[in-house]
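Fold and geometry: a report
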Amino acid sequence: GAVVSQHPSWVICKSGTSVKIECRSLDFQATTMFWYRQFPKQSLMLMATSNEGSKATYEQGVEKDKFLINHASLTLSTLTVTSAHPEDSSFYICGVDTNTEAFFGQGTRLTVV
Amino acid sequence: GNSVTQMEGPVTLSEEAFLTINCTYTATGYPSLFWYVQYPGEGLQLLLKATKADDKGSNKGFEATYRKETTSFHLEKGSVQVSDSAVYFCALTPESGGYQKVTFGTGTKLQVIP
């Protein structure tokens, strides 16, 4: 299977600043990676699917200008939360689609103060 | 749309107790059903899966049976260990496939005490 490494595991940032979260596929050439978000007591919700070398596909209700996704190589996708606000505080997790199974990183706990 | 409902936690059990975590789903047709586990500080890992009705997925002593008539996929283990302490997510992918379209439940935190 694929090993997915996500960094950082947790981050605290000030309101109005931007935060970048990295997702690396360590042993699989991932053409498709995806990002989920989980608010307290809610399900993991798909935010967007990133495709290597092309624009990400965002789910309805997710602001693409606020959540910038870059998938410039087969092993790295990044999610940048721009001008973060307290309501963006959440658990973000990335995953890799190997066509036979999905593999996930350990997640990033973002707290905006 | 698709949805997954699982029991709220946390669930606290003594070692060697019997575990059941309920999961029901809403989806058209025959989705594939999964249980993922997240140990502290680690990523989500696939625990078991079932891809058609009446299939039983099993792994590490955990089992779950795909029940189409009750749209359920309850997770069970006969004797839990402290090392089973984790968050468990029930999930599905639609019949049409696509692992990027995984729909998750809210997760159930299990704590096993010695």
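Described below are features of the structure shown in this document. (Residues numbered from 1 in each chain as written. Chains lettered and ligands numbered in written order. Predicted model: local features only at pLDDT ≥ 70, side-chain atom pairs only at ≥ 80, totals over all residues. Heavy atoms only, no water.)

Points about the sheet that holds strand β9 (residues 75-77) of chain B
All names here are of chain B. Strand order in the open sheet formed by four strands is β3-β9-β8-β7, and the pairing between neighbours is antiparallel. Two strands close off the open sheet at either side, each with one partner strand: β3 (19-21) and β7 (56-59). In this sheet, neighbouring strand axes are inclined to one another by 15 degrees on average, regardless of whether the strands run parallel or antiparallel. Across three bridges, strand β8 (residues 62-65) lies against β9 in antiparallel orientation. Note that in β9 the partner of Phe-62 across the bridge is Lys-77. (Pairing = 2+ DSSP bridges. Helix = DSSP H or I, 4+ residues; strand = E, 2+ residues; numbered from the N terminus. Axes fitted to C-alpha atoms, helices over the stretch in contact; angles between N-to-C directions.)

A closer look at the sheet that holds strand β8 (residues 76-81) of chain A
All names here are of chain A. The antiparallel open sheet is built from four strands, whose spatial order is β1-β3-β8-β7. The sheet is open, and its two edges are formed by β1 (4-7) and β7 (67-73), each paired on a single side. Put simply, the sheet's adjacent strands are angled 15 degrees from each other on average, direction ignored. Two elements, strand β3 (residues 19-25) and β8, share six bridges in a ladder whose sense is antiparallel. Paired with Glu-22 across the bridge in β8 is Thr-78.

Observations regarding the side chain of A:Thr82
Residue and element names in this part refer to chain A. By the element assignment, Thr-82 lies in the loop between β8 and β9 (90-97). In this structure Thr-82 comes out as buried when scored by relative accessible area, which is 17%. Only 3.3 Å separates the side chain of Thr-82 from the backbone oxygen of Asp-65, close enough to count as a polar contact. If we skip the residues at most four places from it in the chain, Thr-82 touches Thr-17, Ser-18, Asp-65, Lys-66 and Leu-68. (Buried < 20%, exposed > 50% of the residue type's maximum accessible area, 1.4 Å probe, protein only. Polar contact = N/O pair within 3.5 Å; in protein donor to acceptor, adjacent residues only side chain to side chain. Contact = heavy atoms within 4.5 Å.)

Focus on the nonpolar core
Counting 26 residues, the largest nonpolar core has B:Trp35, B:Leu47, B:Leu48, B:Phe73, B:Leu75 and B:Tyr88 as the members making the most contacts within it. Within the residue set of this core, elements represented by two or more residues are β2 (11-14), β3, β4 (23-26), β5 (32-38), β6 (44-50), β8, β10 (86-93) and β12 (108-113) of chain B. Those residues within four positions of B:Leu75 in sequence are excluded, and the remaining contacts are B:Leu19, B:Thr20, B:Ile21, B:Trp35, B:Leu47, B:Leu48, B:Phe62, B:Glu63, B:Ala64 and B:Tyr88. Counting 25 residues, the second largest nonpolar core, distinct from the first, contains A:Ala2, A:Val11, A:Met47 and A:Val96. (Core = buried A, V, L, I, M, F, W, Y, C linked by side-chain atoms within 4.5 Å.)

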